[in-house]
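Inside the fold
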Amino acid sequence: MAITTLATSLSALVLLASLVSAQSAVYGQCGGTGWTGPTTCVSGSVCTYSNPYYSQCLPGTASSGSSSSASSSTASSGATPTISGGLPGATGTGKLHTVAKAAGKTYFGSATDNPELTDSPYVAILSDNTMFGQITPGNSWKWDATEPSRGTFTFTAGDAILSLAQKNSQLLRGHNCVWYNQLPSWVTSGNFDAATLQSIITTHCSTIVGHYKGDTYSWDVVNEPFNDDGTWRTDVFYNTLNTSYVATALNAAKSADSATKLYINDYNIETAGAKSTAMQNLVKSLKSAGTPIDGVGVQGHLIVGEVSSMTSNLAAFTALGVEVAITELDIRMTLPATAALYAQQKTDYQTVISSCQAVAECIGVTIWDYTDKYSWVPATFSGQGGACPWDASLLKKPAFDGIVNGFQS
Ligand code: G3I
């Protein structure tokens, strides 16, 4: 009898242990396509659906049960799910590229970067081409990555982004040919005369645009040429060639791929002001000189609570005969995030998207990575972050709903 009791107790212990080990820890994965691990969470946390590829144990108590499939998503039919930090999440279940296309836009997209491509849950969301119909390489097509020494071009990392886009049937924005930042020292410290630097720009732009000939929707041929007061940025290109480097780069890109759309891209040109005026004047002068220019990229690195309508300013660009795109959208906040900041951020995302929606020639929107996990903001602005529509646990924030609302405005 005593032996039987002991055996029964041991069996119960083994069963209990297996049940415990079959539960994911707080913040652990608990579901998603291909997931073979635990689908329940340890006490005090709830399995919360994020997307078809990822559900996660988040602190809290179950109000709607575990949810490892879309059908039991807390993000469906208007219920407000709780995401990281106990904050409210998005309620929408739509797909952003699909919504943008239905609204008449060419794409909704995201920047990405090579180191992130080892993160399977991240890549799974990025690769959903109904969510993101376009991607931009965040770093690996830049000058320091593609021509680290003069005349020696490397495309291994850049081609990984191309392969991803091709695999997923996503459009690509090339980023970028000529920029003062992330230049190799052989360019900045070469003391080249004007003719030599002009030739260096032509070689660089024609080689990288030519390498991706036929693969891109558009290219940021010139990035950030102006200071915030509308004067020209005094970088190695302007200092050596004055403003002529812009036409040199555009002409080289055009000759390398006549079909891709050639953009000039900058920040703080979202609303009227000296910098936007300077960009408009540049477009006018390029047009009147017959230099190829197809679009203006409005980056959109914005601050929660400081966003206003961009419609009239976007229309001022398109009135010059170019298209516009929001190319690097993110809206940062001073941390810690709160429900009130998330609500304001939702409003601000909606304001930006509805501004683009109001202008027919605003052809698409790209967010500067979709998740706070890989945002550039915290490393650049101390104490700030939370700028993306997905949080660092890959869960959708209210900003997601603001984007959908903006396209449907
Ligand atoms: O590649 C080096 C690596 O070797 C080194 O170990 C590491 C250590 O910090 O740094 C790596 O370089 C970093 C690079 O990204 C690649 O990851 C730089 O430090 C870092 O400053 C750089 O930041 C990029 C930034 O441009 C540079 O200005 C961001 O990732 C990128 O998102 C950001 O993107 C820009 C757009 O191109 C233009 N508009 C503004 C936007 C945000 O700044």
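A few points on the structure. (Residues numbered from 1 in each chain as written. Predicted model: local features only at pLDDT ≥ 70, side-chain atom pairs only at ≥ 80, totals over all residues. Heavy atoms only, no water.)

Describing the overall build of the protein
Along the protein, the regular secondary structure elements total 14 helices and 17 strands. In the protein, which comprises 409 residues, the proportion classed as buried is 52%. Long-range pairs, those at least 24 residues apart, make up 72% of the contacts in the protein between residues at least 6 apart in sequence. Of the roughly 16000 Å² of accessible surface on the protein, 55% is carried by carbon and sulfur atoms. (Helix = DSSP H or I, 4+ residues; strand = E, 2+ residues; numbered from the N terminus. Buried < 20%, exposed > 50% of the residue type's maximum accessible area, 1.4 Å probe, protein only. Contact = heavy atoms within 4.5 Å. Areas by Shrake-Rupley, 256 points an atom, 1.4 Å probe, with all protein chains shown as cover.)

Points about the state of the cysteines
The final tally for this structure, using the stated rule, is 1 disulfide. Two residues, Cys356 and Cys362, share a disulfide whose sulfurs are 2.1 Å apart. Taking the sign of the S-S torsion, about -100° here, the bridge from Cys356 to Cys362 comes out left-handed. An identical accessibility class is assigned to Cys356 and Cys362; each is buried. Cys205 supplies the cysteine sulfur nearest to Cys177, a cysteine that is in no disulfide, at a spacing of 3.5 Å. For Cys177, a relative accessible area of 1% corresponds to the buried category. A relative accessible area of 0% means that Cys205 is categorised as buried. (Disulfide = S-S within 2.5 Å.)

So, the nonpolar core
By size, the foremost hydrophobic cluster in this structure holds 90 residues, and its most contacted members are Phe108, Phe237, Ile326 and Leu329. Here this core gets 7 residues from one element, more than from any other, and that element is helix H9 (residues 244–256). Apart from the residues within four sequence positions on either side, Phe108 is in contact with Leu96, His97, Ala100, Met131, Phe132, Gly133, Gln134, Ile353, Val365, Ile367, Ile403 and Phe407. Formed by 5 residues, the second largest nonpolar core is a distinct cluster that contains Tyr107, Tyr217, Tyr263 and Ala325. (Core = buried A, V, L, I, M, F, W, Y, C linked by side-chain atoms within 4.5 Å.)

Re the packing of helix H12 (residues 339–357) against helix H14 (residues 398–407)
Packing of H12 against H14 brings their axes to within 7 Å, and their N-to-C directions diverge by 25°. In terms of their interaxial angle, H12 and H14 are classed as roughly parallel. The two elements H12 and H14 meet at a crossing, and its hand is right-handed. Side by side, H12 and H14 meet where Tyr342, Gln345, Lys346, Tyr349, Gln350, Ile353, Ser354 and Gln357 of the first sit next to Pro398, Ala399, Asp401, Gly402, Ile403, Asn405, Gly406 and Phe407 of the second. Grouping the constituent residues of the contact of H12 with H14 by class yields 7 nonpolar, 7 polar and 2 charged. (Axes fitted to C-alpha atoms, helices over the stretch in contact; angles between N-to-C directions. Parallel < 35°, antiparallel > 145°, perpendicular 65-115°, else oblique. Left-handed = near helix turned anticlockwise from the far one by under 90°. Nonpolar A, V, L, I, M, F, W, Y, C, P; charged D, E, K, R; others polar.)

Observations regarding the site of the ligand
Around the ligand, a shell composed of 13 residues is seen, among which Asn139, Lys142, His175, Glu224 and Glu328 lie nearest. A distance of 3.2 Å separates a nitrogen atom of the ligand from a polar atom in the side chain of Gln299. At 2.9 Å, a side-chain N or O of Trp368 approaches an oxygen atom of the ligand. About the coverage of the ligand: the protein hides 46% of its 790 Å² of free accessible area. (Near = heavy atom within 4 Å. Polar contact = N/O pair within 3.5 Å; in protein donor to acceptor, adjacent residues only side chain to side chain.)

Describing helix H10 (residues 274–289)
The terminal C-alpha atoms of H10 lie 22 Å apart, and with 16 residues this matches the ideal 22 Å at 1.5 Å per residue to within 8%. Buried residues of H10: Lys275, Ser276, Ala278, Met279, Gln280, Leu282, Val283 and Leu286, and no others. With its phi angle positive at about 80°, Gly290 sits one or two positions after the end of H10. (Expected span 1.5 Å × (residues − 1).)

What to know about the pattern of salt bridges
For the structure on display, the rule yields 7 salt bridges. Lys275 is paired through a salt bridge with Asp266; the nearest N and O atoms lie 3.4 Å apart. Linked through salt bridges whose partners overlap, the residues forming this network are Asp228, Asp266 and Lys275. (Salt bridge = Lys/Arg side-chain N within 4 Å of Asp/Glu carboxyl O.)

Points about the pairing of strand E8 (residues 107–112)
Among the 6 residues that make up E8, 6 are buried, leaving the element largely enclosed by the rest of the structure. Of the two faces of E8, the one holding Tyr107, Gly109 and Ala111 and the one holding Phe108, Ser110 and Thr112 are both buried throughout. Where E8 lies against strand E16 (residues 362–367), 4 bridges are found, and the strand directions are parallel. Each bridged residue has a counterpart across the sheet, and for Tyr107 the counterpart in E16 is Gly364. Inspection of the sheet shows E8 paired to strand E9 (residues 134–137) by 4 bridges, in the parallel sense. Following the sheet pairing, Ala111 is matched in E9 by Thr136. Each parallel crossover has a hand, and the one from E8 via helix H3 (residues 120–126) to E9 is right-handed. (Pairing = 2+ DSSP bridges. Right-handed = clockwise from strand over helix to strand, strands pointing away.)

Notes on the packing of aromatic side chains
Evaluated as defined, the whole model comprises 22 aromatic pairs. Plain terms: the ring middles of Trp141 and Trp219 are 5.4 Å apart, the flat faces sit at 35° to each other, and that makes the pair tilted. A residue pair is termed long-range when its members are at least 10 positions apart, and Trp141 in the loop between E9 and helix H4 (143–146) and Trp219 in strand E11 (residues 218–223) qualify at 78 residues. With 5.8 Å between their ring centres and 10° between their planes, Trp232 and Tyr238 make a pair best called stacked. (Phe/Tyr/Trp six-rings, centres within 6.5 Å; stacked < 30°, edge-to-face > 60°.)

Topic: unusual backbone geometry
Residue Asn176 is reached from His175 by a cis peptide bond, and omega for that bond is -10°. When you line up the elements, Asn176 lands in strand E10 (residues 171–178). The step from Leu335 to Pro336 runs through a cis peptide bond, and the omega angle for that step is 10°. Topologically, Pro336 is positioned in the loop between strand E15 (323–334) and H12. In this structure, Asn191 takes a positive phi of about 50° despite not being glycine.

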